[in-house]
Amino acid sequence: MGKAIDFKQIQLLIMDVDGVLTDGGIIVHSDGSESKRFCVYDGHRIRMWHRSGRLSAIISGRDSRPTTLRAEQLEIKYVHQGCTQKLPAFESLMGELDMRPEQVAYVGDDLMDIPIVRRVGFGVAVANAAEDLKQVADWATCRLGGSGAVGETIEYILKQAGVWEPLMQRYRI
């Protein structure tokens, strides 16, 4: 990490989907519907993120019913799909939430994510991300996309912000 990051001010986590919340694989069924595999570890950490009082969002290049359903399950309120250019969706979200880029963490895996990773307070590349994205990211996960990279990011941010331990109290009874 080259720049100084104030993790306490990170209030919004934006995630890509394919290759970040999933392993990037898509199963296309004979009826044209599709399936994706999401990591439960990530889902639990997203719930912990919400319990800490923070917001989450999705900006995805693809439009997908499984993404919509997973976002509903995890109570991710801000979902932008079919974004061939992600930066306009990001800027729209900043205006809607009245936030500054430095209040945002973004997790991506591919070239389309570079413009947002360069703008946010904490830009993250998953372990198996495109090398060009890793070069501009503030941090890279050890876990692969779809295998806990988002959960790892959430734990890292919340620990750096000093709010992980209070969240853990419910598990230490």
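The structure under discussion appears in the preceding block.
A closer look at the packing of aromatic side chains
This model, assessed by the stated rule, comprises five aromatic pairs. These aromatic residues form a ring-pair network of at least three members: Phe 7, Phe 122, Trp 139 and Tyr 156. The ring of Trp 49 has Arg 54 sitting right over it, with the charged end atom 5.6 Å from the ring centre.

Topic: the environment of Val 79
Take Val 79: it is sitting in strand β5 (residues 78–80). Measuring from C-alpha to C-alpha, the distance between Val 79 and Leu 12 comes to 13 Å, with 67 residues separating the pair along the chain. Apart from residues no more than four positions distant in its own chain, Val 79 is found in contact with Ile 58 and Ala 71.

Observations regarding the pattern of salt bridges
Under the defined criterion, the tally for this structure stands at 11 salt bridges. Of the charged contacts in the structure, one is a salt bridge between Arg 45 and Glu 155, with a shortest N-O distance of 2.8 Å. Of the two residues, Arg 45 is situated in helix α1 (residues 40–51) and Glu 155 in helix α6 (residues 149–160); the sequence distance between them amounts to 110 residues. Glu 155 carries the same exposure label as Arg 45, and that label is buried.

Concerning the environment of Ile 46
The topology assignment puts Ile 46 in helix α1. Take Ile 46: its relative accessible area is 1%, and that puts it in the buried class. In the structure, Ile 46 is positioned 93 residues away from Trp 139 in sequence and 19 Å away in space, judged by C-alpha atoms.

Observations regarding the sheet that holds strand β4 (residues 55–59)
One open sheet accounts for six strands, arranged β5-β4-β1-β6-β7-β8; its pairing is parallel. Whereas interior strands pair on both sides, the edge strands pair on one side only; in this sheet they are β5 and β8 (139–140). Inspection of the sheet shows strand β1 (residues 12–15) paired to strand β6 (residues 104–108) by four bridges, in the parallel sense. Opposite Met 15, over in β6, you have Val 107 as the bridge partner.

Re helix α2 (residues 65–73)
Considered for burial, the residues of α2 that qualify are Pro 66, Thr 67, Arg 70 and Ala 71. Along α2, the residues classed as buried sweep out an arc of 135° about the axis, all on the same side. Of the residues in α2, the exposed ones pointing more than 90 degrees away from the buried face are Arg 65 and Glu 72. Tucked into the core, α2 has its buried residues touching β3 (34–35), α1, β4 and β5.

Here is what the cut-offs are and how they apply
- Residues numbered from 1 in each chain as written.
- Predicted model: local features only at pLDDT ≥ 70, side-chain atom pairs only at ≥ 80, totals over all residues.
- Heavy atoms only, no water.
- Phe/Tyr/Trp six-rings, centres within 6.5 Å; stacked < 30°, edge-to-face > 60°.
- Lys NZ or Arg CZ within 6 Å of the ring centre and 35° of its normal.
- Helix = DSSP H or I, 4+ residues; strand = E, 2+ residues; numbered from the N terminus.
- Contact = heavy atoms within 4.5 Å.
- Salt bridge = Lys/Arg side-chain N within 4 Å of Asp/Glu carboxyl O.
- Buried < 20%, exposed > 50% of the residue type's maximum accessible area, 1.4 Å probe, protein only.
- Pairing = 2+ DSSP bridges.
- Arc of directions from axis to C-beta.

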